[in-house]
Amino acid sequence: MTVTPNDEELNEEVKEESPRKAFQRKLHKVEEQRDKAQADAEHWKNEYYRAYADTKNLRSQLERDHLAAMKYRAEGFIDELLPVLDSFYTVLKNEPTNPELKNYLIGFQYIYRNMVTALENEGVKEIAPKPGDKFSPDTMNAVETVETDGEENLVVDVMLRGYKLHDRLIRPANVTVSVKHKEEQKSDA
């Protein structure tokens, strides 16, 4: 086969372009791999930050839960102690007439005050409304109502005292509450 000068020029151009095209293809492939590696690096960086934030949030939540558990750790014990405090309250509410019983009453008062002081040191507060106080549904439970001519929603009698541990209500106070006579309610309507 005879080669003409035009064929030689074409072969040289093909030979020259061939390494160039190969290089460009390799360069393009390397650039694609670089872009993919950068995208992967960005993805895993975001995953790391997300995992770090989740871990930090979990740690904060566990710390809050631990502090709350420590703050309210005595709640179950106090709940079991309430019947004993109720018994003391019932005994101390009545004034004995017998002089011997008065001496026992002094001892019971002493024990009761010591128990209440120990509970107060743990963050327990008594809810002890007095007759004439305004009824509060947040801290009191109206067990009974009594019709009166006077003001409505006043505490008439305290059956059981209530208790709070820090800011958490353990048991509301059980009280008797005053209501207006039914005839007055109809005339007001």
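Rules behind the numbers
Residues numbered from 1 in each chain as written. Predicted model: local features only at pLDDT ≥ 70, side-chain atom pairs only at ≥ 80, totals over all residues. Heavy atoms only, no water. pLDDT = per-residue confidence, 0-100. Helix = DSSP H or I, 4+ residues; strand = E, 2+ residues; numbered from the N terminus. Axes fitted to C-alpha atoms, helices over the stretch in contact; angles between N-to-C directions. Left-handed = near helix turned anticlockwise from the far one by under 90°. Contact = heavy atoms within 4.5 Å. Nonpolar A, V, L, I, M, F, W, Y, C, P; charged D, E, K, R; others polar. Buried < 20%, exposed > 50% of the residue type's maximum accessible area, 1.4 Å probe, protein only. Polar contact = N/O pair within 3.5 Å; in protein donor to acceptor, adjacent residues only side chain to side chain. Salt bridge = Lys/Arg side-chain N within 4 Å of Asp/Glu carboxyl O. Pairing = 2+ DSSP bridges.

Visitor: Sorry if this is basic, but what is going on with the confidence of the model for the protein chain here?
Guide: The predicted coordinates should not be examined in detail at positions where pLDDT is low. Averaged over every residue, the pLDDT of the protein chain is 86; the share at 70 or more is 87%. For the protein chain, per-element mean pLDDT is lowest for helix α4 (residues 182-188), which scores 60, and highest for strand β4 (residues 162-165), which scores 93.

Visitor: Sorry if this is basic, but what is going on with the packing of helix α2 (residues 75-93) against helix α3 (residues 99-121) here?
Guide: Helix-helix packing is described using two parameters, namely the angle between the two axes and the distance between the axes. One way to put it is that α2 packs onto α3 with a least axis distance of 10 Å and a crossing angle of 145°. The two elements α2 and α3 cross, and the hand of that crossing is left-handed. Of α3, the residues touching α2 (which contributes Ile78, Leu81, Val84, Leu85, Phe88, Tyr89, Val91 and Leu92) are Leu105, Phe108, Gln109, Ile111, Tyr112, Met115 and Leu119. Of the residues belonging to the contact of α2 with α3, the class tally is 14 nonpolar, one polar and no charged.

Visitor: Would you explain unusual backbone geometry in this entry?
Guide: Working note: non-glycine residues mostly have negative phi, and peptide bonds are mostly trans. Of note, Asn153 is a non-glycine position whose phi angle comes to about 65°, a positive value. Here Asn153 is to be found in the loop between β2 (140-148) and β3 (155-160). Given a relative accessible area of 33%, Asn153 falls into the partly exposed group. Phi angles above zero are rare outside glycine, and His166 is one such case at about 55°. For His166, the location among the structural elements is in the loop between β4 and β5 (168-171). Among the residues examined, His166 registers a relative accessible area of 27% and is labelled partly exposed.

Visitor: Hey, could you run me through the side chain of Ser178 in this one?
Guide: Assignment of secondary structure puts Ser178 in strand β6 (residues 173-180). Residue classification places Ser178 among the buried positions, given a relative accessible area of 2%. In this structure the side chain of Ser178 is engaged in a polar contact, spanning 3.0 Å, whose partner is the backbone oxygen of Glu151. Not counting chain neighbours up to four residues away, the residues in contact with Ser178 comprise Val146, Thr148, Glu151, Glu152, Asn153, Leu154 and Val156.

Visitor: Any chance you could explain the pattern of salt bridges here in plain terms?
Guide: Pairing is possible between side chains that carry opposite charge, provided their charged atoms lie close to one another. Scanning the model with the defined rule gives eight salt bridges in all. Residue Arg50 pairs with Glu47 through a salt bridge whose shortest N-O separation is 2.8 Å. Placement of the pair is Arg50 and Glu47 together in helix α1 (residues 5-71), with a separation of three residues, close to one helical turn. Under the relative-accessibility criterion, Glu47 is labelled partly exposed at 29%.

Visitor: Sorry, what's going on with the sheet that holds β2 here?
Guide: The three strands lie next to each other as β2-β6-β3, forming an open sheet whose pairing is mixed. Of all strands in the sheet, those bounded by a partner on one side alone are β2 and β3. Averaged over neighbouring strand pairs, the angle between their axes works out to 25° when direction is ignored. The pairing of β2 with β6 spans eight bridges and is classified as parallel. By the bridge assignment, Met140 is partnered in β6 with Ala173.

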